[in-house]
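Analysis of the macromolecular model
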Amino acid sequence: MTATTSTDFDDNTSDDDTCSAAPTFELTVDNTVIVVTDDTGTLLDVLREQAGICSVKDGCSPQGQCGCCTVLVDGKARVSCVTPVKRVRGRKITTLDGLDPAIRDRWAQAFAATGASQCGFCTTGIICRFAALSDSDTDHQDTVHNDIHNDIDAAKRALAAHLCRCTGWQPILDAWAAFPNTQPSDNQTDNTTNSPAVRRATIEGRTPQTTGIHVALGTGGFADDTAPADALVAVRSPNPTDASTYDAAGHAWVLAETLAEARRLAAATPGRRTTATWDPPLQVPPGDWDLTLRTSWTEPAYLETDASWCLPRGDPASPLGNGGAFGGKTDSPV
């Protein structure tokens, strides 16, 4: 996935300049006060790396292109990977985990009932944005927001800040319309080996998989979400240095306590632009053709980062594991 410009559609960044924030300050995240000790990172860095909130997904950081890391800042949807944490000091941050449990589970049920979630990586951000849009209908707070949920165009505009590789947009729009008449389900998981859905997903994904309503909430089993809290982070280094460690294939890696530090040591700085070139995989066969019709090519790649982890002398977590086995991955160097 190549991105050229930021697509943070939230238009919430007109607050006063807070770039002079002190190195240590407080944020309220899901009604819990946390102390931010490093003000140089993004809100996504703090939520995932410091607060350990894995429902906030890292799909493209720091490009603001996929919407997987969307959270609510004072009730307004914002893409956290392009939001400097210093800019939201003193604000109230709400992630998917911090939504009212009954509302959150109703969204999960609506997404499951309409087939709007498969792997579950993008849906956590979409649900956060939909929840904020639903709550914005202040004229109908006592009618379960029926009027705004009849406005499909409003949902389409909201989805402009998101990418989805699994379902396309129609099932997600169906989930938006179905939400007012949806109730939470008691059966949040379907992770038994006897489940036909789990068996099928495991065959398709070539590694144990999980299915169920919980997948829409981002807990389908992504390796980057399940790594131990004290794990070191390894990042491939395009420019090997004295700090590099080499694997059996000769690839250089660096180790660090945090992802940000590993990227710094590896000189692997994510950017919003790339000079890499690519060619569509489908070519016109040779021949005397009267007319050639060709649609644009959309890369069907997965959104989640390739990640794995392993305890000493243990079995590595598969980077192919996710809810429902969706993804373009057939193998991974990690």
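Residues numbered from 1 in each chain as written. Predicted model: local features only at pLDDT ≥ 70, side-chain atom pairs only at ≥ 80, totals over all residues. Heavy atoms only, no water.

Some details on unusual backbone geometry
Note the cis peptide between serine 61 and proline 62, where omega equals 5°. Its location among the elements puts proline 62 in the loop between α1 (43-50) and β3 (70-73). Residue asparagine 31 is not a glycine yet carries a positive backbone phi of 70°. Turning to its location among the elements, asparagine 31 is positioned in the loop between β1 (25-29) and β2 (32-36). (Helix = DSSP H or I, 4+ residues; strand = E, 2+ residues; numbered from the N terminus.)

Comments concerning the sheet that holds strand β6 (residues 233-236)
A sheet is described by the order of its strands in space; here three strands give the open sequence β6-β8-β7, paired in antiparallel fashion. Sheet topology places β6 and β7 (245-246) at the edges, where each strand pairs with a single neighbour. Examined bridge by bridge, β7 and strand β8 (residues 252-256) share two bridges and lie antiparallel to one another. Residue pairing across strands places threonine 245 opposite tryptophan 253, the latter belonging to β8. (Pairing = 2+ DSSP bridges.)

Notes on the sheet that holds β2
Taken together, five strands build an open sheet; the order of strands is β2-β1-β5-β3-β4 and the sheet is mixed. Looking at strand neighbours, the two that pair on one side only are β2 and β4 (76-79), the edges of this open sheet. Geometrically, the sheet is characterised by an average inter-axis angle of 40° between neighbouring strands, direction not taken into account. Where β3 and β4 come together, four bridges link them in antiparallel fashion. Along β4, the bridge assignment pairs valine 73 with lysine 76. Lying over the sheet, helix α3 (residues 123-135) contacts β3 and β4, oriented at roughly 35° with respect to β3. (Axes fitted to C-alpha atoms, helices over the stretch in contact; angles between N-to-C directions. Contact = heavy atoms within 4.5 Å.)

Re the packing of aromatic side chains
Under the criterion given, the structure shown has seven aromatic pairs. Ring plane angle 15° and centroid distance 4.0 Å describe the contact between tryptophan 107 and phenylalanine 179, whose orientation is recorded as stacked. Pair noted here: tryptophan 107 is in helix α2 (residues 101-113) and phenylalanine 179 is in the loop between α6 (170-178) and α7 (196-205), with a separation of 72 residues, a long-range link. When the centroid spacing of 5.0 Å and the interplanar angle of 80° are considered together, the rings of phenylalanine 121 and phenylalanine 222 count as edge-to-face. On the criterion of sequence distance, the pair formed by phenylalanine 121 in the loop between α2 and α3 and phenylalanine 222 in the loop between α7 and α8 (223-226) is long-range, its members being 101 residues apart. The aromatic ring of phenylalanine 179 is capped on one face by arginine 106, whose charged end is 4.2 Å from the ring centroid. (Phe/Tyr/Trp six-rings, centres within 6.5 Å; stacked < 30°, edge-to-face > 60°. Lys NZ or Arg CZ within 6 Å of the ring centre and 35° of its normal.)

What about empty space enclosed by the protein?
Applying the stated rule across the entire model yields two cavities of 30 Å³ or more. Computed from the structure, the largest cavity encloses a volume of approximately 100 Å³. Lining the largest cavity are 14 residues; nearest its centre among them are Phe121, Phe222, Asp224, Glu304 and Thr305. For the lining of the largest cavity, the element with the highest residue contribution is α8, accounting for three residues. By residue class, the composition of the lining of the largest cavity is five nonpolar, two polar and seven charged. (1 Å grid on protein atoms, 1.4 Å probe; cavity = no way out; pocket = protein on both sides within 12 Å on 5 of 7 lines; lining within 4 Å. Points joined across faces, edges and corners; volume = space filled by probe spheres on them. Nonpolar A, V, L, I, M, F, W, Y, C, P; charged D, E, K, R; others polar.)

Interpretation in functional terms is not warranted from these geometric data alone.
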